[in-house]
Amino acid sequence: MNKVKTSLWKLDPAPESTDHVSLQSSYGLFIDGEFVESEGGGMFDTINPATEETIAQITEATDADVDKAVKAARTAYQKVWSKTSPADRGKYIYRIARLIQEKARELAVIETLDGGKPIRESRDIDIPLAAAHFFYYAGWADKLAYAFPNRTPKPLGVAGQIIPWNFPLLMAAWKIAPALACGNTVVLKPAETTSLTALKLCEIIQQAGLPAGVVNIVTGHGPVGAAIVNHPDVDKVAFTGSTAVGKGIQTAIASTEKSCTLELGGKAANIVFDDAPIDQAVEGIINGIYFNQGHVCCAGSRLFVQESVFEEVMRKLKHRINTLNVGDPMDKNTDVGAINSHKQLQRINEYIEIGKDEGADFYQLESDLPEKGFWCPPCLFTGVAQSNRIAQEEIFGPVLAVQTFRTVAEVIKKANNTPYGLSAGVWTDKGSKLFNMTAQMRAGVIWANTYNKFDPTSPFGGYKESGFGREGGMHGLAAYVKI
Ligand code: NAI
Ligand code: MG
């Protein structure tokens, strides 16, 4: 199946099986505890981006459906959830976490089929972290008084949540778990290309016995998200996605009382000093940008290498790129899977052309690609100028822009010179250098001698155009309470 040769080594196929997966051919909307048909909306296909085959039909919600979902959430908030004891809220969230764990294999396979990410990642990262988020926030439900000492945290009411396609179930967990722990009810919209794990989560929510209406999931494209944002009875909007849509949401709710958290794009600097453990740093660079096909808002998409180790880092990096397996995401040996959609592939290819036109040098893994599906082998640009669009704009694909630097002051200036400020990585042997860097860099998350590490106890969020508010950790509770 779709196994692809890479230039350095070729492995026998090791496909994950799909026989433990149960999927329906079509899905309704999850409103008031049940799957229901839309009031007048159509259906659309969700496809497997590695094969372009249709997996299932998804409902396009209408404004009337969104209204129904918000009403269900409001009723559940007033009649049930705000009267449920904090300890009981915790028990429900804990049950959801346990059920995600029990169904981890099935969820991982569905995530990979629907979104194109390697099964190794959905199995080892997305699904375990999604469960971990529910476990973590289950623990906070009856301890909010300790999170906000001498204050009285109160829920906000109905939270409208809109999530992207890069970590579908994980983003749903990031949004739903803290909202429920703090006593809110939810209307969530998954991304149109990756709705299936959110719909499986609805089945889990039913099995967990969560009271009807506490979580409602409506599917569809951008206008469904906009209908949630603009609904007058939504008290809070939480959005993860593009900066353009994020800005539109802020404008849309500017004259309302709605509270809002936005987690938007990024253009993270991954900085390698000459005293860094170079082999480890190379692994970190690979993980930083090629992980999940670069569909990561905190991807280390700008690499800064200190001039004295530039040759060595580039030699080792290209060598390592040549060992990556691109192809069938369901194969357990695959490192780089399919690009999530045709639209995203076009966008990435446009940026690759822009980089070439800007005069940067292009290097890409040579790889036989499957005939069907959306693919972009890992690639990088050297000779990149600070003003180049490939160094300034979020590409959201496996495209690395490499630059060099000489001094600490220079690299801090270059790293901060973007409209974004979500994350960064620093590779050095010196603790003092790390602390100096982290104090001066405008990034919400800075990894030291590692990259793309996530934990539910750790807050995540950005500066500048990367958004505001924090998700995860104790800080993530603040986004769902009024004090
Ligand atoms: P998008 O921002 O359009 O999609 C994210 C979510 O917002 C989806 O659920 C979508 O249906 C919804 N949405 C779209 N228009 C909306 C509106 N007007 N009101 C409310 N919700 C709306 O992102 P898209 O088009 O999928 O990707 C474009 C670029 O955005 C990517 O190339 C990448 O650079 C960036 N992006 C960043 C993400 C992040 O995690 N920071 C995630 C996804 C995309
Ligand atoms: Mg899909």
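Caption draft 1: Geometry of the overall build of the protein chain. Within the protein chain, the regular secondary structure consists of 16 helices and 20 strands. Scaling as 2.2 N^0.38, a compact globule of 483 residues should have a C-alpha radius of gyration of about 23 Å, and the protein chain matches this with 22 Å. Dimensions of the protein chain, computed from C-alpha atoms along their principal axes, come out at roughly 65 × 55 × 35 Å. Considering the protein chain as a whole, with its 483 residues, one finds that 60% of them fall into the buried category.

Caption draft 2: Highlighting the environment of Val-214. Positionally, Val-214 belongs in the loop between helix H7 (196-207) and strand E9 (215-217). Taking the C-alpha atoms as reference points, Val-214 and Val-80, separated by 134 residues in sequence, lie 8.4 Å from one another. With residues up to four places along the chain from it excluded, the contact list for Val-214 reads Ala-76, Trp-81, Leu-180, Thr-185 and Val-186.

Caption draft 3: How the structure looks around helix H11 (residues 310-321). Its twelve residues give H11 an end-to-end C-alpha distance of 16 Å, which sits within 8% of 16 Å, the value for a rise of 1.5 Å per residue. Among the residues making up H11, those that are buried are Val-313, Met-314, Leu-317 and Ile-321. Looking straight down H11, one finds its buried side chains confined to an arc of 95°; they lie on one side. The exposed set on the far side of H11, more than 90 degrees from its buried face, consists of Glu-311, Arg-315 and His-319.

Caption draft 4: How the structure looks around the nonpolar core. Of all hydrophobic cores here, the largest spans 107 residues; its most connected members are Ile-100, Leu-180 and Leu-317. Shared between two domains, this core holds at least three residues of each, these being domain 1 (26-264 + 466-482) and domain 2 (266-448). Dropping the residues within four chain positions of it, Leu-317 is found in contact with Val-282, Ile-285, Ile-286, Leu-303, Leu-380 and Leu-400. One finds Val-66, Val-70, Ala-72 and Val-234 within the second-largest nonpolar core, a separate group that totals 24 residues.

Caption draft 5: Region of interest: the site of ligand 1. Lining the immediate environment of ligand 1, one finds 26 residues, of which Trp-165, Glu-192, Ser-242, Arg-347 and Glu-394 sit closest. Arg-347 places a side-chain nitrogen or oxygen 2.6 Å from an oxygen atom of ligand 1. Contact with the protein chains removes 88% of the 800 Å² of surface that ligand 1 exposes when unbound. Contributions of two or more residues to the shell around ligand 1 are made by helix H8 (222-230), strand E10 (236-240) and helix H12 (342-357). Counting contributing residues, the shell around ligand 1 receives three or more from each of domain 1 (26-264 + 466-482) and domain 2 (266-448).

Caption draft 6: Inspection of the packing of helix H2 (residues 86-102) against H7 at higher detail. At a closest axis distance of 9 Å, the pairing of H2 and H7 adopts a crossing angle of 125°. The pairing of H2 with H7 is recorded here as oblique in orientation. The hand of the H2/H7 crossing is right-handed. The segment H2 lies against H7, with Ile-96, Leu-99 and Ile-100 engaging Leu-201, Ile-204, Ile-205 and Gln-207. Looking at the contact of H2 with H7 residue by residue, the classes come out as six nonpolar, one polar and no charged.

Caption draft 7: Region of interest: the pattern of salt bridges. The tally for this structure, following the rule as stated, stands at 24 salt bridges. The salt bridge partner of Lys-200 is Glu-106, with a shortest N-O separation of 3.1 Å. Separated by 94 residues along the polypeptide, Lys-200 in helix H7 and Glu-106 in helix H3 (residues 104-115) bring together distant segments of the chain. With its nearest N and O atoms 2.9 Å apart, the salt bridge here joins Lys-414 to Glu-410. Pair noted here: Lys-414 and Glu-410 are both in helix H14 (residues 408-416), with a separation of four residues, about one helical turn. Through salt bridges with shared partners, a single network forms among Arg-74, Asp-233 and Asp-235.

Caption draft 8: Representation of the packing of aromatic side chains within the structure. As enumerated under the stated definition, the model contains 14 aromatic pairs in all. Residues Trp-174 and Phe-460 carry aromatic rings whose centres are separated by 5.2 Å and whose planes lie at 65° to one another, so their mutual orientation is edge-to-face. Pair noted here: Trp-174 is in helix H6 (residues 168-181) and Phe-460 is in the loop between strand E18 (445-448) and strand E19 (467-468), with a separation of 286 residues, a long-range link. The exposure class assigned to Phe-460 is buried, which follows from its relative accessible area of 4%. One aromatic cluster is present, built from ring pairs that chain together Trp-174, Trp-447, Tyr-451, Phe-454 and Phe-460. The cationic tip of Lys-318 hangs over the ring face of Tyr-363; the distance from NZ or CZ to the ring centre is 4.9 Å.

Caption draft 9: The arrangement of the environment of Thr-261 in detail. In this structure, Thr-261 sits in strand E11 (residues 259-263). For the pair formed by Thr-261 and Glu-366, sequence separation is 105 residues and the distance between their alpha carbons is 41 Å. A polar contact is formed between the side chain of Thr-261 and the side chain of Lys-236, at a distance of 3.1 Å.

Caption draft 10: Broad picture of the sheet that holds strand E17 (residues 423-427). Pairing within the open sheet is mixed, and its seven strands lie in the order E14-E15-E16-E13-E12-E17-E18. Each having just a single partner strand, strand E14 (361-364) and E18 make up the two edges of the open sheet. Strand-to-strand twist of the sheet, defined as the mean angle between neighbouring strand axes without regard to direction, takes the value 20°. Here four bridges tie E14 to strand E15 (residues 379-382), and the two strands are oriented antiparallel to one another. In the strand pairing of E15, Gln-364 is matched with Cys-379.

Caption draft 11: Fine view of the confidence of the model for the protein chain. Per-residue pLDDT for the protein chain has a mean of 96; in total, 98% of the residues score no lower than 70. Within the protein chain, E9 carries the highest mean pLDDT (99), whereas E19 carries the lowest (88). Taken as a whole, residues 1-5 scores under 50 in pLDDT and shows 21 contacts with residues more than four places along the chain or in a different chain.

Caption draft 12: Seen up close, unusual backbone geometry. Even without a glycine there, the phi angle at Glu-52 is positive, about 65°. Mapped onto the secondary structure, Glu-52 falls in the loop between strand E4 (43-47) and strand E5 (54-59). Judged by relative accessible area, which is 34%, Glu-52 ranks as partly exposed.

What counts, and where the lines are drawn
- Residues numbered from 1 in each chain as written.
- Chains lettered and ligands numbered in written order.
- Predicted model: local features only at pLDDT ≥ 70, side-chain atom pairs only at ≥ 80, totals over all residues.
- Heavy atoms only, no water.
- Helix = DSSP H or I, 4+ residues; strand = E, 2+ residues; numbered from the N terminus.
- Rg over C-alpha atoms; globule rule 2.2 N^0.38 Å.
- Buried < 20%, exposed > 50% of the residue type's maximum accessible area, 1.4 Å probe, protein only.
- Contact = heavy atoms within 4.5 Å.
- Expected span 1.5 Å × (residues − 1).
- Arc of directions from axis to C-beta.
- Core = buried A, V, L, I, M, F, W, Y, C linked by side-chain atoms within 4.5 Å.
- Domains from an automatic or database assignment.
- Near = heavy atom within 4 Å.
- Polar contact = N/O pair within 3.5 Å; in protein donor to acceptor, adjacent residues only side chain to side chain.
- Areas by Shrake-Rupley, 256 points an atom, 1.4 Å probe, with all protein chains shown as cover.
- Axes fitted to C-alpha atoms, helices over the stretch in contact; angles between N-to-C directions.
- Parallel < 35°, antiparallel > 145°, perpendicular 65-115°, else oblique.
- Left-handed = near helix turned anticlockwise from the far one by under 90°.
- Nonpolar A, V, L, I, M, F, W, Y, C, P; charged D, E, K, R; others polar.
- Salt bridge = Lys/Arg side-chain N within 4 Å of Asp/Glu carboxyl O.
- Phe/Tyr/Trp six-rings, centres within 6.5 Å; stacked < 30°, edge-to-face > 60°.
- Lys NZ or Arg CZ within 6 Å of the ring centre and 35° of its normal.
- Pairing = 2+ DSSP bridges.
- pLDDT = per-residue confidence, 0-100.

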